[in-house]
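Chain and residue survey
Single-letter residue listing:
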Amino acid sequence: MSSLSGQGAGKAYWRSLEDLAGSVELRALAEREFPEGVAEEPATSRRDFLKLMGASLALAGATACRRWPVERIVPFAHRPEGYVPGEPVQFATAMDLAGAATGLLVTSYDGRPIKIEGNPLHPSSLGGTDPLAQAALLELYDPDRSTAPLRIARGQQIASSFEDVERFSRELFRQLRERRGEGLRVLSEESSSPSLREMRSRLLRALPAARWHEWEPLTRDAAREGAALAFGRPYRSWLLLDRADVIVCLDADPLMTEPGAVRYARDFARARRAEGGRMNRLYAIEPALSITGASADHRLALSRAAVALVAGRIAAELFLRCGLPLPGGAEELRHALERFERHPFRPPLVTDIVRDLLAARGRAVVLAGPGQPPAVHALVHLLNAALGNAGRTVAYAPDPDPERESHAESISALARDAGAGRVEALLLLGGNPVFDAPADVDFAGALGRVPHTIHLSLYVNETSRACAWHVPRAHFLESWGDARGHDGTLSVVQPLIEPLYDGRSPIELLAHALDDGVTSGYDIVRRTIAPALGGGDFEKGWRRVLHDGLLEGSAWAAETPSPVRPTWAPALAALAEADPSAGPGRVELVFARDLSVYDGRFANNGWLQELPDPITRVTWDNPALVSPSTAAELGVGTGDLVRIRAAAREAEVAVFVLPGLPAGTMTVSPGYGRRAAGRVGDGVGFDVYPLRVGRALWRAEAEVVPTGRRWPIASVQDHHLIDVLGMKERGRRAVRLIREGTLADFLDHPGFAKQARGHEGELPQLYRPWSYEGHKWGMTVDLSACIGCGSCTIACQAENNIPIVGKREVARGREMHWIRVDRYFSGTADSPEVRFQPMTCHHCENAPCEQVCPVGATLHDHEGLNVMVYNRCIGTRYCSNNCPYKVRRFNWFDNHRGLGPVEKMVFNPEVSVRSRGVMEKCTFCTQRIEAARAEAKKQGRPLRDGDVEPACAQACPTEAIVFGDLNDPGSRVRRLQDHPRAYGVLEEIGTRPRLKYLARLRNPAGSESGRA
C-alpha cells in the first residue's frame, strides 16, 4: 500500500481517507507548494497601477503638512520597590473550570499579562497546561467582552453604571430579607471556590427561604451518582496514574477531558518511556475517537450503549468466573452479572483485560466517562475496590456538598418554579442557560416570567439579553478568588492586572447584594483562607500561599470507602437487557466535549477556534462525525449537510467522515452555533444543544436525513504535505516519518528506529562542517509521550505573536501556526491506529531553505539556529518551496491591522510583530535563549541545562518536547538524541536536522515484559 505519508516495512501510514484511497487530487496537491487560487488580489492593470500611484503621491504630499497632536507624558519619578520597568515578572494563580482548578504561572510585563504557563508546584499541572489555559490570555483582552452594566428592557440595551446596579440590588435584597428570601433563586456554574461556598452559606443563613441552583451543561453527575450508589454517599475520586500498570477506560478520556487531565497526561507519559523495561498498558473502549483512545495500546470502537455491556461483561468475568468477592448481600448484583454473562454480545478484548487486571491487582485502574450511566460508574468503583486499586491507583474523598441535587434536576426545578410564577428574583452567576439548558427545559420562557433578573457574565450573551440587568464579570486574571484542584489542593486566584472594565467577581457581587461588611474580593479570600492557615503569623503564611500559588498540604484527606449493599442492581440488570444498537433507520447520537470551545463559553476565542481538532484536524467548525460505513449507509460524504432529528427536535449539521468510529453512531460536539458570542464566535458551526434532553444529556437515538446541500469545512490534515512518494519516485529509498515498535521489539533490538533509516552512515557533505565552540541548540520529541493535545501550538502562538487568519484563509492553506501536530492513521479505515507527530522547523545543519534565499533573510547563526531576518525578506517563498518539512509560513495579509489598544496588549514585547509579505517560522524561541543568557550573565555563571525552555516544551503536559545544548554532554537533550530510539525525519536526504524524534513504543497484550 502506498501513501503520501510514507511507508515502512510492514506498516503504511495515511493522513486521511483521500490519502488511503490514493486520491489524484491529493497527489497533485503534494506536487505544488501553493494551491491554486491563492492569489491575494486580482491582477492589476497598468492603468489601475498608475491611478493608485498618483493617489499615493497626492496623499503623501498632504500628510507631509500634518501636525502631530499635542500629548502629555508623565515621568516615572518614583519607582515602586522591587519593580524594574521592562523586566518580566511571574505570578502564581489558578484557573477554575467546572469545579476543578489548574495551577498557573502568568508572566507579566509592566502590569500586563502576556503569557500563561503551568505552575510546577501545583499537583494539577506540575508545570504543564492545556490549550484552554493557554488561550485564556486572549479572552482577557477580547474587545467583545462586556464593558459596562446594562439595563435591558424590551430588547433594548440601556447603558447603566455599577452604582445603579448596587442601588437596585441593595433595595431588592432588603425587600427579600423582610420575607426571609422567599422568591429568591441563585443559579451558578459549578465552582470549586471555598469563598463562593462560604458566601453561599452566608446567603442561605440570611435568607433561609431562598434556593441555590447549579448548572453545568457538560455535567459529570453520573460519576457523582455512581459513587453514591457504590458507597452510600457521594465521593470525589481522582487518579494516580503514575502507579497504574494497567488502565482500562470505558468511554473515558482521562488524558484530555477529565478534571486533572493535565496531571493525568504527565503521569501516564512518564510510564510510557520503557525505563527499566517497564511500561503501562492502556485499553480504551469508546464510541468517539478520543485523545485517550488515540494513545491506547488496544482500542475498541463501540456504541455508547455497547460500552455498558463491556463493563458488565468484565465484571461478570471477574466476579463470577475469577472469584473476586462481591460485597455482602449482593445476590441481586450476582443475578444482574449473570445476565451480562448470558448476553449474546461477545465483545473482543474482554479476555485480555480480565487477565491483565488480575495480574496487576493494586496496580491497575478501571474508569468510566461522564456519558456512561450511574450504574456503570458504580460497577467501576466496585471493581476497583475488589481488585485492591482503591487507595492505590484511585483516591477518594467525601464530596464537600453531599446534598446537592444533580444539575439536570436543579435547572429543571428552577425552570418549573419560574414558569409557575414562584420566582421573584433570579441572580445568575455566570453560565449561559438560555443557550445550553436541556432542550426539554424552556429556560428562556421561564426567565421571561421572573420580574427581577441579574446576570453576571464576561459577555452580553444569549442569557444576558434575556435578563433585566447585565453586570460585567471580572476575568480570573483580573480578580481575586480561590479554587481547589482535582485533588482538593487549595489555590489562591490573584489578579495580574487592574480590571479592564471594572468587572465584578461572583463573590464580590454576592457580598454587595447581601450588604456584607466585607465586599472586596481580596478581603473575602483572606477571610476564607485564614482558618486553613491556622495560628501563627497570618501575613507570612498568606505571602507564602501567594508565592507558591497553593496552600501546601491542603488536598482532601483520602479515604478508602467500602462498598455497600448494591441497591442499584436492577438498574444494572436493565442495561444488560438493552439493545446496544439504535433502531432501524436510526443512529446513536453521541455528545462529546469539544476540545476548543468547551461548552460554548470559549466560542469567541480565535486561538481556540483556529486550533485544529487533534483527531479530525478541522478548524472553525463542529461537524457530525460518522464512520465510512455509516456515511455510505446514509448516502452522505464530508461536507454534506444533514438534518438530525432527536427527541422531537432537529438541527442541521455538516458531516465529516472519520475512520475509527463504530458503525451506526454519529458524534456531535455542542457549544457552536452561538448567536451572541461576539464577532469571532457568532454563527460559527452548528447548535446541537436542541438535541439534548435532561434525561439523556450524553446520548440519544436520532434519524438522519440528507438535505442535498453542502457546507465548507476547513480541515488542515492534507495541508503542508511532506512528499515522501515524490522522493521515492526520484530514486530515493522509501522513508518513514513515523517509526514505532512494541516494547518487546525495543527490548530485543534497542536500535530498531535507527536501523530503519534506509542508508548506512552519514551522507557525504559538500561543505566543511561548522565547529560550534559555544552552544549548539537542539530539540527532541518523544512520540511515545506525545498525545496530540495541541498545547504546544497554542503556547507557540501566544509566545510568538502568531496571528489568527480565519476559516476562509485556513481553507486555502494559509494557517500561520509555527508548530503543527500531524495526525496519521495506520491499519484499516474501520479500525485504525492513530499516531501524532509534532512538526516544526528542524533547524537543519544543511538547511535547504538557506541555499535558495536571494537576500539572505534566512541563515545560520553561530549556535546552530536557523534564524529569520524579517526586514530582509522580500516574500519570494523560495525557502518554503525548498523546505522538505513544510514548516515555513508566508504572511499573506497584515493580520494585525485594525487591532484596538486592548487587543494589542496580548503581544509579547520580546517578539516582533510581523507584517504582510514576509516568511516566518519557529525560532526555537530565540528570545528566551537571550533572556536566559542575560540572566546567567547577571548571576556570573554559564547557562545551565534547563535554563532555556521554549514555549512548546514548557506547555507540553507530557514532557514530550525537550530542548537544550547538544554541546553539553550532561544535558537531557543530548542524552535523548543519543538514545537508541532517536531518529531524524528525512535524515535520508542529508538535511542533518537538529530536531530528533524518539520512536513510539506500544505495549500490546502478550508483551508480558511490559508489566511487573
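Residues numbered from 1 in each chain as written. Predicted model: local features only at pLDDT ≥ 70, side-chain atom pairs only at ≥ 80, totals over all residues. Heavy atoms only, no water.

Some details on the layout of surface pockets
One number sums up the size of the largest pocket: a volume of about 1,300 Å³. Lining the largest pocket are 42 residues, and of these Gln-90, Arg-928, Asp-947, Glu-949 and Gln-954 lie nearest its centre. When residues of the lining of the largest pocket are traced back to their parent elements, those giving at least two are strand 3 (89-97), strand 4 (100-109), strand 5 (112-118), helix 31 (926-938), helix 32 (951-955) and strand 37 (961-965). Element by element, the count of residues in the lining of the largest pocket is highest for helix 31, at eight residues. Across the lining of the largest pocket, the residue classes tally to 17 nonpolar, ten polar and 15 charged. (1 Å grid on protein atoms, 1.4 Å probe; cavity = no way out; pocket = protein on both sides within 12 Å on 5 of 7 lines; lining within 4 Å. Points joined across faces, edges and corners; volume = space filled by probe spheres on them. Helix = DSSP H or I, 4+ residues; strand = E, 2+ residues; numbered from the N terminus. Nonpolar A, V, L, I, M, F, W, Y, C, P; charged D, E, K, R; others polar.)

Regarding the environment of Arg-224
Positionally, Arg-224 belongs in helix 7 (residues 221-231). Sequence separation between Arg-224 and Trp-698 is 474 residues, and the spatial gap between their C-alpha atoms is 15 Å. Non-local contacts of Arg-224, meaning those with residues more than four positions away in its chain, are made with Pro-234, Asp-399, Asp-401, Pro-402, Glu-403 and Arg-404. Within the structure, the side chain of Arg-224 is placed 3.2 Å from the side chain of Asp-399, a separation counted as a polar contact. (Contact = heavy atoms within 4.5 Å. Polar contact = N/O pair within 3.5 Å; in protein donor to acceptor, adjacent residues only side chain to side chain.)

Description of the confidence of the model for the protein chain
Summarising the model, the protein chain shows a mean pLDDT of 89, and 90% of its residues fall at 70 or more. Ignoring residues within four places in sequence, the model shows residues 1-9, a span with pLDDT below 50, making 35 contacts including any to other chains. Counting contacts from residues 36-44, a segment whose pLDDT is below 50, to residues more than four positions away or on other chains yields twelve contacts. (pLDDT = per-residue confidence, 0-100.)

Focus: the pairing of strand 6 (residues 150-153)
Side chains Leu-150 and Ile-152 of strand 6 all project onto a buried face; the interleaved residues Arg-151 and Ala-153 project onto a face where none is buried. The pairing of strand 6 with strand 7 (residues 156-159) spans four bridges and is classified as antiparallel. Bridge assignment links Ile-152 to a residue of strand 7, and that residue is Gln-157. Where strand 6 folds back on strand 7, the antiparallel hairpin that results is connected by two residues, among which Arg-154 adopts a positive phi of roughly 55°. When strand 6 meets strand 18 (residues 469-472), the two strands line up antiparallel, connected through two bridges. Pairing of Arg-151 across the sheet is with Trp-469, part of strand 18. (Buried < 20%, exposed > 50% of the residue type's maximum accessible area, 1.4 Å probe, protein only. Pairing = 2+ DSSP bridges.)

What to know about the side chain of Thr-616
Among the secondary structure elements, Thr-616 is positioned in the loop between helix 22 (606-610) and strand 22 (618-619). The exposure class of Thr-616 is buried, given its relative accessible area of 6%. Only 3.2 Å separates the side chain of Thr-616 from the backbone nitrogen of Val-618, close enough to count as a polar contact. In this structure Thr-616 touches Leu-625, Phe-656, Leu-658, Ser-715 and Arg-823, once residues within four positions along its chain are discounted.

Regarding unusual backbone geometry
With a phi close to 60°, Ala-274 is a non-glycine residue in the positive phi region. The backbone of Arg-877 shows a phi angle near 70°, a positive value even though the residue is not glycine. Along the polypeptide, Arg-877 turns up in the loop between strand 34 (866-868) and helix 30 (878-882). Judged by its relative accessible area of 23%, Arg-877 is partly exposed.

Quick look at the pattern of salt bridges
Once their charged atoms are close, side chains differing in charge can pair, the charge on each being opposite to the other. Scanning the model with the defined rule gives 79 salt bridges in all. The residue Arg-601 makes a salt bridge to Glu-189 at a minimum N-O spacing of 3.7 Å. Taken together, the positions of Arg-601 in the loop between strand 21 (587-591) and helix 22 and Glu-189 in the loop between strand 8 (184-188) and helix 6 (194-206) put the pair 412 residues apart, joining distant regions of the chain. Classification of Arg-601 by relative accessible area gives partly exposed; the value is 24%. Lys-807 is the salt-bridge partner of Asp-621, the closest N and O atoms lying 2.7 Å from each other. (Salt bridge = Lys/Arg side-chain N within 4 Å of Asp/Glu carboxyl O.)

What about the packing of aromatic side chains?
Between two aromatic rings, the relevant description is the distance of the centres plus the angle of the planes. For the structure on display, the rule yields 16 aromatic pairs. Ring pairs connect the aromatic residues Trp-480, Tyr-522, Phe-538 and Trp-542, which therefore count as one cluster. Across from the ring centre of Phe-591, 5.6 Å away, lies the NZ or CZ of Arg-692, which sits over that ring. Above the ring of Phe-890, the side-chain terminus of Arg-877 is found at 5.2 Å from the ring centroid. (Phe/Tyr/Trp six-rings, centres within 6.5 Å; stacked < 30°, edge-to-face > 60°. Lys NZ or Arg CZ within 6 Å of the ring centre and 35° of its normal.)

Section: the side chain of Arg-526
In this fold, Arg-526 is placed in helix 19 (residues 521-533). Here Arg-526 falls in the buried class, since its relative accessible area comes to 15%. Beyond its immediate sequence surroundings of up to four residues, Arg-526 is in contact with Phe-538, Glu-539 and Trp-542.

As for the packing of helix 4 (residues 131-140) against helix 27 (residues 791-799)
Contact geometry for helix 4 and helix 27: axes closest at 8 Å, N-to-C directions at 20°. By the angle class used here, helix 4 and helix 27 are roughly parallel. The two elements helix 4 and helix 27 meet at a crossing, and its hand is left-handed. Residues Pro-131, Gln-134 and Ala-135 of helix 4 lie in contact with helix 27, whose contacting residues are Ser-791, Ile-794 and Ala-795. Looking at the contact of helix 4 with helix 27 residue by residue, the class counts come to four nonpolar, two polar and no charged. (Axes fitted to C-alpha atoms, helices over the stretch in contact; angles between N-to-C directions. Parallel < 35°, antiparallel > 145°, perpendicular 65-115°, else oblique. Left-handed = near helix turned anticlockwise from the far one by under 90°.)

Overview of the sheet that holds strand 39 (residues 995-998)
In a beta sheet, neighbouring strands are held together by backbone hydrogen bonds and run either parallel or antiparallel to one another. Strands sit in the order 37-30-39-38 across an open sheet of four strands; the sheet is mixed. Edge positions in the sheet fall to strand 37 and strand 38 (982-983), since each of these pairs with one other strand and no more. As paired elements, strand 30 (residues 777-782) and strand 37 share five bridges and run antiparallel to each other. Across the sheet, the residue bridging to Val-781 is Ile-961, located in strand 37.

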